[in-house]
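Breakdown of the fold
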Amino acid sequence: TFLKKENMIKSEQKFLEDFIMKKVKIVHTADLHFDTPFNEVDDKQRAINKEELKEVFKNIINFCKEKQVDILLLAGDIFDNLTLNRETIYFLENVFNNIKETRVIISPGNHDPYNNNSFYKLIKWPENVYIFKDKLEKVYIKELETNVWGAAFNEKYVRESLIRGFSQNNKEINIMAIHGEISSS
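This write-up is about the structure you can find in this document. Remember, it's a predicted structure, so these values are computed and weren't measured experimentally.

**Section: the overall build of the chain**
- Each helix and strand in the chain was counted, giving three helices and seven strands.
- Listed N to C, the secondary structure of the chain is α-β-α-β-α-β-β-β-β-β in terms of helices and strands.
- Taking contacts inside the chain between residues at least 6 apart in sequence as the whole, the part at least 24 apart equals 73%.
- Surface accessibility of the chain: about 12,400 Å² in total, with carbon and sulfur atoms responsible for 51%.

Laid out in structure tokens, this is it:
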């Protein structure tokens, strides 16, 4: 009976290991539009708006650091079209270097598509940053037993679904981060 009880305990432990998922701390943001021109306001207000946006993002980064967030998802439009200040590039390199323990995963959107002219290619991204560059793919984070699925806009307009081909593995946590909209077509 002792062996039976021991086997039952092992069996229960295996059951719990298989069905209780590990907790993963995630923060999600999108549509930051760094260096947007703010054409509708005067120069003074434009400068204030740009600094406020950086302050908000610093708060997100500080939150990630304080709460020991595992994954920071940035679902598109980090940048705004054709405007990007060199200072913003350094700012982003700096803040992401500040949260090396957090995986930063970026899915470029319609205002910052990943292509030959992409701002994403101008930045020396820290090792904790991953950028989706094309069609749907997954990034597996072994220690979190987590798949992060994503894709990138490669041009301003994408007419086909970016999630075509998606299938999940139920033994792992599956998360998807893609910039876009839901439409009936």
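**Points about the sheet that holds strand β2 (residues 71-74)**
- Pairing within the open sheet is parallel, and its four strands lie in the order β1-β2-β3-β4. Each of the sheet's edge strands pairs with one partner strand only, and the pair in question is β1 (26-29) and β4 (129-131). Each neighbouring strand pair of the sheet contributes to a mean axis angle of 15 degrees, computed without reference to strand direction.
- Alignment of β1 against β2, held across four bridges, turns out to be parallel. Bridge pairing in β2 places valine 27 opposite leucine 72.

The rules behind these values
- Residues numbered from 1 in each chain as written.
- Predicted model: local features only at pLDDT ≥ 70, side-chain atom pairs only at ≥ 80, totals over all residues.
- Heavy atoms only, no water.
- Helix = DSSP H or I, 4+ residues; strand = E, 2+ residues; numbered from the N terminus.
- Contact = heavy atoms within 4.5 Å.
- Areas by Shrake-Rupley, 256 points an atom, 1.4 Å probe, with all protein chains shown as cover.
- Pairing = 2+ DSSP bridges.
- Axes fitted to C-alpha atoms, helices over the stretch in contact; angles between N-to-C directions.

All quantities given are derived from atomic positions and should not be read as evidence of function.
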